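Summary of the model geometry
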Amino acid sequence: MAATTPVSAEELEELRESFDRIDVDHNGVISASELMALFSAPNLGLPGYRVRDIVKELTRTSDQLTFDQFTQIVCGLKSGDVAKTFRKAINKKEGLCSVAGTSEQAGTQHSYSEEEKVAFVNWINAALKSDPDCGHLLPMDPSSNDLFSAVGDGIVLCKMINLSVADTIDERTINRKKLTAFTIQENLNLALNSASAIGCHVVNIGAEDLKEGRQHLVLGLLWQIIKIGLFADIELSKNEALVALLRDGESLEDLMKLSPEELLLRWVNHHLEAAGCPPIQNFSSDIKDSKAYFNLLDQVAPKGDEEGVPAITIDKTGIREVDDKKRAESMLEQADRLGCRQFVTATDVVRGNPKLNLAFVANLFNKYPALKKPENQDIDWSAIEGETREERTFRNWMNSLGVVPRVNHLYLDLDDAHVIFQLYQKIKVQVNWQKVNAPPYSERGSRMKKLENCNYAVELGRTEAKFSLVGIAGEDLNAGNRTLTLALLWQLMRRYTMNILEDLGGGQKVIDDTIVGWVNQTLSEAGKAHISSFKDSSISSSLPVVDLIDAIQPGSVRYDLVKTDDLTEEEKLNNAKYAISMARKIGARVYALPEDLVEVKPKMVMTVFACLMARGMRA
């Protein structure tokens, strides 16, 4: 059972920052080896046996630690200065640069990775080199701090978001010329709200942070955006050839449960096995000698057996190089022949930078997966279903709130209800964590522990949240019943949205009619046409949304870009793309998609108007 931790909100925030500093891939866990190295820092003053005993006790059943376990470790120590000295140990890791100034939390100094900065600058330079809108900023000098000033007008961020998830931002809404403080603010609003819409956690990042180029926040946001793009196709519904990674005795569901990081590791080992080489366990210590990379490159390089694809021979003689760094450089020269020398330098490989090596491998996978969809195999291909728009919206909403672990597969990742409990807390429903079974679960009791959690989640929904959960049981959540799980998620998202409006309105109760009334009053005051409900057919043109945006922020809409008469389906979609991006541009955190407006999906339409209402109430 998870225990509550007796720490203040300020201390908890400091511990969270420390944890996030170690959790470089943001998957919600850190390895015992990483924790051991940091606790063993000379300035921490803890004897080695004490460190070993603490870590051993908390890693009896797993080689990974959650944030709750991490907190228990730190808070269980007698010294009141442990958190501060722990932070110093973290900031002394190789490659971390201190940032001038501190946060509002006394004694909290931020830092950033020089290696990450260089990697991201090189990636952006290559990705946007032909974009005329970025000509005033690119190429950036990776050895300077160009990156932190380049993101200040929002254009690069908007472009990177669209590279990761195409068409997220209607580029007609990006301010490009004669930028002022106001139009820059709009670009940054557009970037932040769009980043949130694709699942980035941006709760503690504001436009001012980006405008001022706060290094650790800029790099943190860029990594999330880049990672989402790199991982976009590393899942079964988009790449059925991944079924080739199934192991003996595994089901399709077993493979579908793997995160993109786990799939990449499985992919590397699949090719290493084919090469007769030992497997790796991570993208840090196990790849430092570059030998796994040499063999991986040799396996995935084109052999010339596909029409129109010339063979590329990988020269493996560098694998015999004695010096680690020279061997890594030789390996990267071969990666360059595949057009895949991105994210890492020889130093990053030798040091085992897990974040940058993960990005290097993901980029290699995207270009040269070297997998073939199995044939004549007893596989139920119908079980591999693509994500619906509604499912994607819910998943991105949850991830934008910073739930741990990150949700990759909507139903599989909710089967123990831990994410649902976090969402309850977001809507001000108190969770008794003493009643929650905490991971990791033993193999024997795994399903029962998860089912107990799901039963408690449904109980909370009925008794505390007062949700309508007729016919929904814990078994439905645990088994991933689509219809019933979505019913609960919708009520969570709806309550979250309503809570924001109620907080802005001084606690006054908000229902659908309240939102419709506010929308119509605002439209009426601006001389615009009303809507009858969230099912109003006029919404399919997006004109009511566009008119409301202009009523909230007069003059913001370019009506010459909006089609009004006898609309085709394509024109409706173009209007909807413009409307959604404009809503985000004026400061509304909209998660719905353009298609939701065109098809007049009442639930998603409600969230669009509710988010605009919240923006209007803050004006």
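Below or above, wherever it landed, is the structure these notes cover. (Residues numbered from 1 in each chain as written. Predicted model: local features only at pLDDT ≥ 70, side-chain atom pairs only at ≥ 80, totals over all residues. Heavy atoms only, no water.)

**A look at the side chain of aspartate 209**
On the secondary structure map, aspartate 209 appears in helix H10 (residues 207-211). Take aspartate 209: its relative accessible area is 11%, and that puts it in the buried class. A distance of 2.8 Å separates a polar atom in the side chain of aspartate 209 from the backbone nitrogen of glycine 206. Those residues in contact with aspartate 209 that lie beyond four places of it in its chain are Asn204, Arg214 and Leu217. (Helix = DSSP H or I, 4+ residues; strand = E, 2+ residues; numbered from the N terminus. Buried < 20%, exposed > 50% of the residue type's maximum accessible area, 1.4 Å probe, protein only. Polar contact = N/O pair within 3.5 Å; in protein donor to acceptor, adjacent residues only side chain to side chain. Contact = heavy atoms within 4.5 Å.)

**Points about the packing of helix H23 (residues 512-525) against helix H27 (residues 602-618)**
Put simply, H23 and H27 touch, their axes get as near as 10 Å, and they point 60° apart. Our classification of the angle between H23 and H27 gives oblique. Note that H23 runs across H27; the crossing there is left-handed. Contacts between H23 and H27 involve Asp512, Thr514, Ile515, Trp518 and Val519 from the first element and Met606, Phe609, Ala610, Leu612, Met613, Gly616 and Met617 from the second. (Axes fitted to C-alpha atoms, helices over the stretch in contact; angles between N-to-C directions. Parallel < 35°, antiparallel > 145°, perpendicular 65-115°, else oblique. Left-handed = near helix turned anticlockwise from the far one by under 90°.)

**Description of the nonpolar core**
With 96 residues, the main nonpolar core has Leu221, Leu264, Trp267 and Leu338 as its most contacted residues. It is helix H11 (residues 215-231) that contributes the most residues to this core, eleven residues altogether. Beyond its immediate sequence surroundings of up to four residues, leucine 264 is in contact with Phe231, Ile234, Phe283, Leu358, Val361, Ala362 and Phe365. Residues Val403, Leu423, Met582 and Val590 belong to the second largest nonpolar core, which totals 81 residues. (Core = buried A, V, L, I, M, F, W, Y, C linked by side-chain atoms within 4.5 Å.)

**Quick look at the side chain of aspartate 413**
By secondary structure assignment, the location of aspartate 413 is in the loop between helix H18 (389-400) and helix H19 (418-426). Notably, aspartate 413 is buried but unbridged: the nearest opposite-charge side chain belongs to arginine 395, and the N-O separation is 7.8 Å. Beyond its immediate sequence surroundings of up to four residues, aspartate 413 is in contact with Arg406, Val407, Asn408 and Val419. (Lys, Arg positive; Asp, Glu negative; His and termini not counted. Salt bridge = Lys/Arg side-chain N within 4 Å of Asp/Glu carboxyl O.)

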